[in-house]
Amino acid sequence: GIVRNVVGTGIKLQARTRDEVLNKQIEKLWREWCRAENCDITGQQTFEELQTMLLRRKIVDGEILVKKVIRRGKKFPLCLQVIKSDLLSQTMLTAPKTNNVIRSGVELDAHLKPLAYWVNKKSPDGYIEYDPDRIPASQMIHLWLRSKPDQIRGMSDLTPIIKRLKDTQDYLDA
């Protein structure tokens, strides 16, 4: 449904320089970067598949984080690492050294502009280590929609129907 209509076959690049040869080179490199081994830090998902997952997580969870990772020495140095929003640290209240306020894992300036994201580490065996990494906001894409001026985190698009779903479940249980 919505994923098919929004993502479809993914974001396509159409280069529009005045040089048609350069346009073709840029578009060829884009298609190559979109392959799983180039765009996804895990090497498992194509850029189209990442977009599909990101949209689903945004709808269900209300937000999703994407860290921009630079791998020096690679043909395509930029790759993406998707991070679940529930890995944002809830334990830290002020940033070490600067004393900036941290709300729900987001370090903020006085105007509520995100400066950094404090992300708990997760080991390969699935255990969360509560010693968060500070990731500067410039390295992070935080996909969410703001509905209130002081809001700093996303809310599930499904929130308005939760009560109806619970009522339906109660009806079915009865």
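Residues numbered from 1 in each chain as written. Predicted model: local features only at pLDDT ≥ 70, side-chain atom pairs only at ≥ 80, totals over all residues. Heavy atoms only, no water.

Caption draft 1: Molecular detail of the overall build of the protein. Within the protein one finds five helices and seven strands. Counting helices and strands in the order they occur from the N terminus, the protein gives α-α-α-α-β-β-β-β-β-β-β-α. The dimensions of the protein, computed from C-alpha atoms along their principal axes, are 60 × 50 × 40 Å. Considering the protein as a whole, with its 174 residues, one finds that 34% of them fall into the buried category. (Helix = DSSP H or I, 4+ residues; strand = E, 2+ residues; numbered from the N terminus. Buried < 20%, exposed > 50% of the residue type's maximum accessible area, 1.4 Å probe, protein only.)

Caption draft 2: Region of the structure containing the environment of Glu32. With respect to the helices, strands and loops of the structure, Glu32 is situated in helix 2 (residues 20-33). Residue Glu32 is classed as buried on the basis of its relative accessible area, which comes to 15%. With 99 residues separating them in the primary sequence, Glu32 and Asp131 have C-alpha atoms 36 Å apart. Excluding residues that lie within four positions of it along the chain, Glu32 makes contacts with Asn38, Lys75 and Phe76. (Contact = heavy atoms within 4.5 Å.)

Caption draft 3: Local environment of unusual backbone geometry. Positioned with a positive phi, Lys97 is a non-glycine residue whose angle comes to about 75°. The residue Leu112 is not glycine, and still its phi comes out positive at about 65°. With respect to the helices and strands, Leu112 occurs in the loop between strand 4 (106-108) and strand 5 (114-122).

Caption draft 4: Just the sheet that holds strand 1 (residues 64-70), in detail. Overall, antiparallel pairing links the three strands, which are arranged 2-1-7 in an open sheet. The open sheet has two free edges, formed respectively by strand 2 (78-83) and strand 7 (140-143), since each of these has just one partner strand. The sheet shows a mean angle of 25° between the axes of neighbouring strands, taken without regard to direction. The pairing of strand 1 with strand 7 spans four bridges and is classified as antiparallel. When the sheet's bridge partners are listed, Val66 is paired in strand 7 with Ile141. Helix 4 (residues 47-61) contacts strand 1, strand 2 and strand 7 of the sheet and is inclined by roughly 30° relative to strand 2. (Pairing = 2+ DSSP bridges. Axes fitted to C-alpha atoms, helices over the stretch in contact; angles between N-to-C directions.)

Caption draft 5: Molecular detail of the layout of surface pockets. Of the pockets and cavities examined, the largest pocket occupies roughly 420 Å³. Along the wall of the largest pocket there are 21 residues; nearest its centre are Gln81, Val82, Ile83, Lys84 and Leu87. Within the residue set of the lining of the largest pocket, elements represented by two or more residues are helix 4, strand 1, strand 2, strand 5 and strand 6 (128-136). Its residues assigned to classes, the lining of the largest pocket comprises nine nonpolar, five polar and seven charged. (1 Å grid on protein atoms, 1.4 Å probe; cavity = no way out; pocket = protein on both sides within 12 Å on 5 of 7 lines; lining within 4 Å. Points joined across faces, edges and corners; volume = space filled by probe spheres on them. Nonpolar A, V, L, I, M, F, W, Y, C, P; charged D, E, K, R; others polar.)

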